[in-house]
Each structure stands twice: as C-alpha cells, then as structure tokens.
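Report on the structure
As a plain string of letters, each chain reads:
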Amino acid sequence: MKKAYRHAAAVTAAHSKSFYFASGLLPAKKRSAVRALYAFCRVVDDIVDEARSEGNRDKELNYWRGIVESGFARGDDWVASAWADTLTRYRIPRRYALQLIDGVARDLSQFRYRAFDDLATYCYGVASTVGLMSMYIVGFKSHEAAPYAIKLGVALQMTNILRDVGEDYRNGRLYLPLEELVLYGLTEADIAEGRVTENWRRFMKFQIERARRLYRESWAGVKMLEREGRLAIGAASILYEGILNDIEEHDYDVFTRRASLSAWEKLAALPSIWLKVKSL
C-alpha cells in the first residue's frame, strides 16, 4: 500500500504544484490520503480529456464507479488501491465521489454554459465534491462546514476557468457564462482571437471579484475543521486566490500565458497564511 500512496503522491506532484504544496502542510497520513484523492480526480479527468473511443471511455468511467461503490481495487492499479483505501479508511460518503465522476463526464456532452448558475452546478460536480471529500480526511467539527467547502470549491474552479480560458477554448470548451459575455459586449470571436480589450478587462474584473467574494465567504469554514488541517486548507485557498492577482498583473491576458505563482511566492506567503489561520 505504501507503493500505491507514493505513486498517488507522484501523480499529484506532476499535475498540481499548488495542491502538492498545500497538502504538504498536513500530517503524513492525511497528506497521503488527500494526494490519493487528487490522483483519483486526475485519472478520472484524464479519461474524459484524452479522447478515447466512446465505448472504452464509458467502460473506464464505470470501472471507477465500481471502485467507489465497492471500496475495492486491484492490487496492480496503484492509484485505485490508494483511493479505495482512503475512501474506506476515512469513511468518505460514496455519493460525493460518484458526483465527481458524473461532473467530470459532463465535459463529454456540454461545452457551453448559459448563466452563472449553470456553471456553478458544474463547479460543484468537479470541485466542490473534492472539498467535501477532503473534509472527511482533514477532519471537521460540524456538518455546518459543508456549505463553506462548496463555496470554496466553486471559487477554486472559477479560478481554474479564468486562468485557462484560452486553452479550454482551443479544446472546444467555453466555461464563461454566455449571458455575461453578451452583457459586456463580448462574442466568441473575441475569445477565439484572444482580444484583450477594455470590454474584456471589465468582464474579467467582474469575474475575479465574484471569485474573491466566494473565497472570502468560504473562509469561515476553515475554523470548523480540525486544527491540524486548517493550515493546509487555508493555504490552498489563499495560494489559489493568488492566481487571480497574477491574472490582473498581466492585464487579464489569459490567452497567451498561464497565470501561476512561483515556488518562492508560495513560500513567502506562508507566514501570513499561518497568522491568518492562527487568528481563527
């Protein structure tokens, strides 16, 4: 099982430096568990994104649904083994994992979202479910923490969406609310051509402020977590929100570059994050 968890950690390190960094602030066993959760999410997402044949894709998604429902995995599938062990050990409600699989699979059939409420539902499926499952790993004092985890998941996913507009559009997907594009005088042609206009800046300012509001509103949930998990979740929230700052600092150009924080910026932020968490 140690080999399975090491492999899950390697998957996490390869695909999300921010998640890997934040999860490193957890005690060893919980750190391994949240990385197994991430690796599960990553593998399921890759099944959808890697354009396999429809039959194979459905078969692979059903394979993961079976692991979730049974809590059992083949020993030679390391990610599945680590995830099945985590799922059982921390008594994570199966429904959240199944909702995540269904949420990711939505990318196979829906490529545009009319209104923000529609997009928020998608964000719940692919991100808030991760927060809800993480709660069971890091530990929580009250089920009242759940709505805050949901808000944080939407904020995190909206940050992903704003960061990856250009890349997603090249892959045939546009996650920005179409009604709001129209409201700001934008069209898909503007997205396709990567135009950073004054309308685009105003649109992005609105999107970023809404995401920041969700981050602020979710913060109250951190104090409902067990003490040893607060720093990791607080760091994940603040560091990911920092991506929004990077987008602003580069004039809202999410078409020719990928916003990110350097390893030094993450380390430099830790003292202030620790103080903010300590103040809870």
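Quick caveat: nothing in here was measured; it's all calculated off a predicted structure.

Points about the overall build of the protein chain
Each helix and strand in the protein chain was counted, giving 14 helices and 0 strands. In sequence order, the secondary structure elements of the protein chain are arranged as α-α-α-α-α-α-α-α-α-α-α-α-α-α. Computed over the C-alpha atoms, the radius of gyration of the protein chain is 19 Å, within 12% of the 19 Å expected from 2.2 N^0.38 for a compact globule of 280 residues. Overall size of the protein chain, expressed as C-alpha extent along the three principal axes, is 55 × 50 × 35 Å. Across the 280 residues of the protein chain, 52% fall into the buried class. At a minimum sequence separation of 6, the contacts of the protein chain that also span at least 24 residues come to 70%. Within the structure as shown, the protein chain displays about 13300 Å² of accessible surface, and the carbon and sulfur contribution to it stands at 53%. Positive and negative side-chain charges in the protein chain, numbering 42 and 36 respectively, have mean positions lying 8 Å apart.

Some points on helix α7 (residues 116-138)
Remark: the principal bend of α7, roughly 50°, maps to tyrosine 124. With respect to burial, α7 is a largely interior element, 17 of its 23 residues being buried.

Overview of the pattern of salt bridges
Opposite charge on two side chains permits them to pair, given that their charged atoms come into close proximity. Enumeration according to the criterion identifies 20 salt bridges in this entry. Close ionic contact of arginine 173 with aspartate 49 constitutes a salt bridge, the shortest N to O distance being 3.3 Å. With arginine 173 in the loop between α9 (165-170) and α10 (178-183) and aspartate 49 in helix α3 (residues 28-49), the pair connects residues that are 124 residues apart, well separated along the chain. The shortest N-O distance in the salt bridge between glutamate 193 and arginine 195 comes to 2.6 Å. Among the residues examined, glutamate 193 registers a relative accessible area of 54% and is labelled exposed. Owing to a relative accessible area of 32%, arginine 195 belongs among the partly exposed residues under this scheme. Salt bridges sharing partners connect three or more residues here, namely Arg42, Asp45 and Asp46.

As for the packing of aromatic side chains
When we look at a pair of aromatic rings, we describe it by the centre distance and by the angle of the planes. According to the stated counting rule, one finds 12 aromatic pairs in the structure shown. Judged by centre distance (5.5 Å) and plane angle (45°), the ring pair of tyrosine 113 and tyrosine 122 falls under tilted. The pair formed by tyrosine 113 and tyrosine 122 is uniform in burial state, with each residue classed as buried. When the centroid spacing of 5.1 Å and the interplanar angle of 45° are considered together, the rings of tryptophan 200 and phenylalanine 255 count as tilted.

Comments concerning the nonpolar core
Counting 95 residues, the largest nonpolar core has Phe40, Trp64, Trp83, Leu176, Trp200 and Ile247 as the members making the most contacts within it. Apart from residues lying up to four places away in sequence, leucine 176 is in contact with Tyr113, Ile161, Leu162, Val165, Leu181, Ile191, Trp200 and Phe203.

Quick notes on the side chain of lysine 30
Mapped onto the fold, lysine 30 is located in helix α3. Its relative accessible area of 16% is what places lysine 30 among the buried residues. One polar contact links the side chain of lysine 30 to the main-chain carbonyl oxygen of valine 138, over a distance of 3.0 Å.

Points about the side chain of glutamate 180
Tracing the backbone through its elements, the reader meets glutamate 180 in helix α10. Apart from residues no more than four positions distant in its own chain, glutamate 180 is found in contact with Phe116, Phe203, Phe206, Gln207 and Arg210.

Topic: helix α12 (residues 198-218)
Helix length check: α12 (21 residues) gives 30 Å between terminal C-alpha atoms against 30 Å at 1.5 Å per residue, within 8%. Buried residues belonging to α12 abut α7, α8 (146-163), α9, α10, α11 (188-193) and α13 (227-249).

Quick word on the environment of aspartate 164
Within the element layout of this structure, aspartate 164 appears in the loop between α8 and α9. Sequence spacing of aspartate 164 and isoleucine 273 is 109 residues, and the spatial spacing of their C-alpha atoms is 26 Å.

Considering the packing of helix α6 (residues 94-105) against α7
Following both chains from N to C, one finds α6 and α7 inclined at 155°, their axes separated by 8 Å at the closest point. With respect to α7, the axis of α6 lies roughly antiparallel. Judged by the twist between their axes, the crossing of α6 over α7 is left-handed. Residue-level contacts link Tyr96, Ala97, Gln99, Leu100, Gly103 and Val104 of α6 to Tyr122, Tyr124, Gly125, Val126, Thr129, Val130, Leu132, Met133 and Tyr136 of α7. Counted by class, the contact of α6 with α7 contains 11 nonpolar, 4 polar and no charged residues.

A few points about the environment of leucine 87
Structurally, leucine 87 is set in helix α5 (residues 78-89). Beyond its immediate sequence surroundings of up to four residues, leucine 87 is in contact with Ile67, Val68, Ile92 and Arg94.

So, the packing of α8 against α13
Two elements in contact, α8 and α13, have axes separated by 10 Å at closest approach and are oriented at 30°. Between α8 and α13, the crossing angle belongs to the class labelled roughly parallel. Here the hand of the crossing between α8 and α13 comes out left-handed. Residues Leu152, Leu156, Thr159, Asn160, Leu162 and Arg163 of α8 form the contact with α13, whose participating residues are Ile233, Ala236, Ser237, Tyr240, Ile243, Leu244 and Ile247.

Here is what the cut-offs are and how they apply
Residues numbered from 1 in each chain as written. Predicted model: local features only at pLDDT ≥ 70, side-chain atom pairs only at ≥ 80, totals over all residues. Heavy atoms only, no water. Helix = DSSP H or I, 4+ residues; strand = E, 2+ residues; numbered from the N terminus. Rg over C-alpha atoms; globule rule 2.2 N^0.38 Å. Buried < 20%, exposed > 50% of the residue type's maximum accessible area, 1.4 Å probe, protein only. Contact = heavy atoms within 4.5 Å. Areas by Shrake-Rupley, 256 points an atom, 1.4 Å probe, with all protein chains shown as cover. Lys, Arg positive; Asp, Glu negative; His and termini not counted. Charge placed at Lys NZ, Arg CZ, Asp CG, Glu CD. Bend = angle between axes of the 7 residues up to and from the residue. Salt bridge = Lys/Arg side-chain N within 4 Å of Asp/Glu carboxyl O. Phe/Tyr/Trp six-rings, centres within 6.5 Å; stacked < 30°, edge-to-face > 60°. Core = buried A, V, L, I, M, F, W, Y, C linked by side-chain atoms within 4.5 Å. Polar contact = N/O pair within 3.5 Å; in protein donor to acceptor, adjacent residues only side chain to side chain. Expected span 1.5 Å × (residues − 1). Axes fitted to C-alpha atoms, helices over the stretch in contact; angles between N-to-C directions. Parallel < 35°, antiparallel > 145°, perpendicular 65-115°, else oblique. Left-handed = near helix turned anticlockwise from the far one by under 90°. Nonpolar A, V, L, I, M, F, W, Y, C, P; charged D, E, K, R; others polar.

So far we have only geometry, and geometry alone does not tell us how the molecule works.
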